[in-house]
Amino acid sequence: MPLISLRDVTKSYPPSQRGGAVVHAVEGLNLDIEAGDIYGIIGYSGAGKSTLVRLINALENATSGSILVDGDEVTRMKEGELRRLRLGIGMIFQQFNLFNSKTVAGNVAYPLEVAKTPRADIALRVAELLDFVGLADKARNYPEQLSGGQKQRVGIARALATSPRILLADEATSALDPETTHEVLELLKRVNTEFGVTIVVITHEMDVIQTLATKVAVMDGGRIVEQGDVFDVFSKPKERRHSASCRPSCRVFPPRPNSSRCGSGIRGAS
Amino acid sequence: MDDLIPLLPKLWEASYETLYIVGLSLIFGGLGGLILGLGLYTTRSNSLFSNRPVFGVLNVLVNVFRPIPFIIFLAAAQPLARFVTGTGIGNTAIIFTLSLAAAFGISRIVEQNLLTVQPGVIEAARSVGASRSRIMLTLLIPEALGPLILGYTFIVVALVDMSAVAGYVGGGGLGTFAIQYGYRQFHPVVTWAAVLVIIVIVQLVQFLGNYLARKALRR
Ligand SMILES: Nc1ncnc2c1ncn2[C@@H]1O[C@H](COP(=O)(O)OP(=O)(O)OP(=O)(O)O)[C@@H](O)[C@H]1O
Ligand SMILES: [Mg+2]
């Protein structure tokens, strides 16, 4: 049984002005993610990627459909159950979203305090995690004293604090330069291999999928238009509508009007 | 100067009374304003406890009471002060009314400063399973602490200002002193002495507020 399973999931937002149209951020979406996968989700800005991950840890409530995480129906959970669910799902963000009022150690300790972990255990776990992400010497620093890459490492340590089985990464490297991106991706790989954490990576950068993911889904207009093993999708795209100048990786994207973006994916969209 | 010296004991007493009125009003009004401000912040749409009707009621309540000039509010709320505190005059009555008026003003300052906290930070806390009330108490307030301290500092200065009309309901303090012994007795020096003490109080409060805010903001 897949660890995460979405069936016919729709998320609609009411129109922003009176008389406007309802926005279907995610529409009739089906997705299965097996335990141990690093599952990449790629697509243009506005495709519904962020909405999709936020449905998995129920930061957003689905309008309809079924979302199973580890066999439990997320859409029917009450506030208390949701809190327990979220302790088992870590999340990292494009803008890191660290707590500026807390030190690095305080940031990593926060989920453990939420989980009511005994104090002595918290200290040990924080030290262990900071060691894992290579920031043992920064424990007493505050977020504003760190570089972007270091901030994201703290984000990763915080997300892993309660030993979740799933890690959701929403554009986790989009605010980082290529070199730092590479370091963070390597770290995420280790999270997967050393701890067996299933990772869902949202990105609009093809490189990220190619270095990190084992499976990939291409999203457009709230739906998944193509999915499979990274190798298969990139070498045998279903929709062969590419220009001669395009590298193979470009072909997986449904062409857009006035869009001739190419190169390594769709950088620039965000 | 000769007018002032015999009045010095009265000046010190008035200074003490101003600090007493302002201090207690800050505690009660500050707490009330914090709760009201948290209510405004958390019930607005897309916030922790978003609730349109509650937000609407709070919002109107604050909008109605906040702009009333304090001296009028003081007179209008006298029956309420008498009902709650048992007296409509003196320092107790003015502390009650000042706390009430300040709470409405403070609630907006609290709301504004809480809104400076990045929504992503709240979302990160939600994503680790923190309950909404935990987020409010252990994250929201610490994240906004620096600007909140500056906001409260601003309010203390406003309280000193508002407390000066205490004399109208038989309260004491520097305002009463300046009017009673300075203005009415044609002793400008006495009035200026009260002004000087107020300037010193305000400077000290501002200095302390800036210092604490700098500590909270680490810069
Ligand atoms: N809270 C909201 N209210 C209304 N519409 C929303 C809301 N959140 C998202 N949407 C809409 O849903 C669609 C999908 O948004 P989403 O953020 O999931 O896209 P995305 O693929 O993550 O894009 P990006 O790459 O820019 O982050 C967009 O059209 C967006 O405008
Ligand atoms: Mg997004």
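Residues numbered from 1 in each chain as written. Chains lettered and ligands numbered in written order. Predicted model: local features only at pLDDT ≥ 70, side-chain atom pairs only at ≥ 80, totals over all residues. Heavy atoms only, no water.

On to unusual backbone geometry. For Lys116 of chain A, which is not glycine, the phi torsion reads 60° and is therefore positive. Looking at the secondary structure, you find Lys116 of chain A in the loop between α3 (104-114) and α4 (119-132). With a relative accessible area of 68%, Lys116 of chain A lands in the exposed category. Residues other than glycine seldom take positive phi values, yet Asn46 of chain B does so here, at roughly 65°. Looking at the element boundaries, Asn46 of chain B is found in the loop between α1 (8-43) and α2 (52-65). The exposure class assigned to Asn46 of chain B is exposed, which follows from its relative accessible area of 80%. (Helix = DSSP H or I, 4+ residues; strand = E, 2+ residues; numbered from the N terminus. Buried < 20%, exposed > 50% of the residue type's maximum accessible area, 1.4 Å probe, protein only.)

By size, the foremost hydrophobic cluster in this structure holds 89 residues, and its most contacted members are Leu6, Leu31, Ile41 and Tyr110 of chain A. Of all hydrophobic cores here, the second largest spans 36 residues; its members include Ala161, Ala169, Leu185 and Leu187 of chain A. (Core = buried A, V, L, I, M, F, W, Y, C linked by side-chain atoms within 4.5 Å.)

Before going further, it helps to examine the site of ligand 1. Residue and element names in this part refer to chain A. Among the 13 residues in the neighbourhood of ligand 1, the closest are listed as Ser45, Gly46, Lys49, Ser50 and Thr51. A distance of 2.5 Å is found between an oxygen atom of ligand 1 and a side-chain nitrogen or oxygen belonging to Ser45. Within the contact set of ligand 1, an oxygen atom lies 2.7 Å away from a side-chain nitrogen or oxygen of Ser50. It is helix α1 (residues 49-56) that contributes the most residues to the shell around ligand 1, three residues altogether. The class makeup of the residues in the shell around ligand 1 is five nonpolar, six polar and two charged. (Near = heavy atom within 4 Å. Polar contact = N/O pair within 3.5 Å; in protein donor to acceptor, adjacent residues only side chain to side chain. Nonpolar A, V, L, I, M, F, W, Y, C, P; charged D, E, K, R; others polar.)

Residues and elements named next belong to chain B. In the numbering adopted here, UniProt assigns the feature "transmembrane region" (unreviewed entry) to residues 20-42, 54-77, 83-106, 144-169 and 189-213. Secondary structure across residues 20-42 divides into 100% helix and 0% strand, with the first and last C-alpha atoms of the span separated by 32 Å. Taken end to end, residues 54-77 is 79% helix and 0% strand, and its two terminal C-alpha atoms sit 24 Å from one another. (UniProt positions renumbered as here; feature names shortened; annotations may be inferred.)

So, on to α1 of chain A. Residues and elements named next belong to chain A. Counting buried residues along α1, seven of its eight residues qualify, which places the element largely inside the surrounding structure. All of the buried residues along α1 are Lys49, Thr51, Leu52, Val53, Arg54, Leu55 and Ile56. Looking one or two places after α1, you find Ala58, whose phi comes out positive at around 60°.

The next subject is the confidence of the model for chain A. The predicted coordinates of low-pLDDT regions are not to be read in fine detail. Across chain A, pLDDT averages 87, with 87% of residues at or above 70. Here residues 240-270 of chain A scores under 50 on pLDDT; set against residues more than four positions off or in separate chains, the count is 57 contacts. (pLDDT = per-residue confidence, 0-100. Contact = heavy atoms within 4.5 Å.)

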